[in-house]
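Each chain is listed here by its residues.
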Amino acid sequence: MKVFSLSLLVVALSVASGCQSKWVSLDGSSADETGLEKAKKTCRVDRKLMALERAREERNDDIAKSSTNEARMLIKEDFDAVERQVYKEIDICMHREGYKRPS
């Protein structure tokens, strides 16, 4: 169980750190690291991404336990909706903080 928790943490941190370079100021200029970190903390980006990763693991477990293709598709569709909502929440909050994803 510790190995699983550690690997989940490593994946979540790499996902979170991968997002660092994906933000620019609203005017399109590069984001300063201090302001960006403050915005990410305010928006709880790391927590949301870690929760999303946990949900992804649960989805994978649910898919493995599913007995029909229809059930698997419903699980995937539900997760996709949750994933879109999480990223939408992050984007809205980061926009309020003065950052956006580059086009």
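Summary of the structure given here. (Residues numbered from 1 in each chain as written. Predicted model: local features only at pLDDT ≥ 70, side-chain atom pairs only at ≥ 80, totals over all residues. Heavy atoms only, no water.)

For the rest of this paragraph, the subject is the pattern of salt bridges. One pass over the full model with this rule turns up four salt bridges. Glu 83 is the partner of Arg 56 in a salt bridge, and the nearest nitrogen-oxygen pair spans 2.6 Å. Within this pair, whereas Arg 56 is found in helix H3 (residues 45–65), its partner Glu 83 is found in helix H4 (residues 69–96), the two being separated by 27 residues in sequence. In this structure, Asp 91 and Arg 101 form a salt bridge, with 2.7 Å as the shortest nitrogen-oxygen distance. With a gap of ten residues between them, Asp 91 in helix H4 and Arg 101 in the segment after strand E2 (99–100) connect regions that are remote in the sequence. Of the residues examined, Asp 91 reaches a relative accessible area of 29% and is grouped as partly exposed. With relative accessibility at 27%, the residue Arg 101 sits in the partly exposed group. Each of Glu 53, Arg 56 and Glu 83 takes part in one network of salt bridges that share partners. (Salt bridge = Lys/Arg side-chain N within 4 Å of Asp/Glu carboxyl O. Helix = DSSP H or I, 4+ residues; strand = E, 2+ residues; numbered from the N terminus. Buried < 20%, exposed > 50% of the residue type's maximum accessible area, 1.4 Å probe, protein only.)

Shape descriptors only; they carry no functional weight alone.
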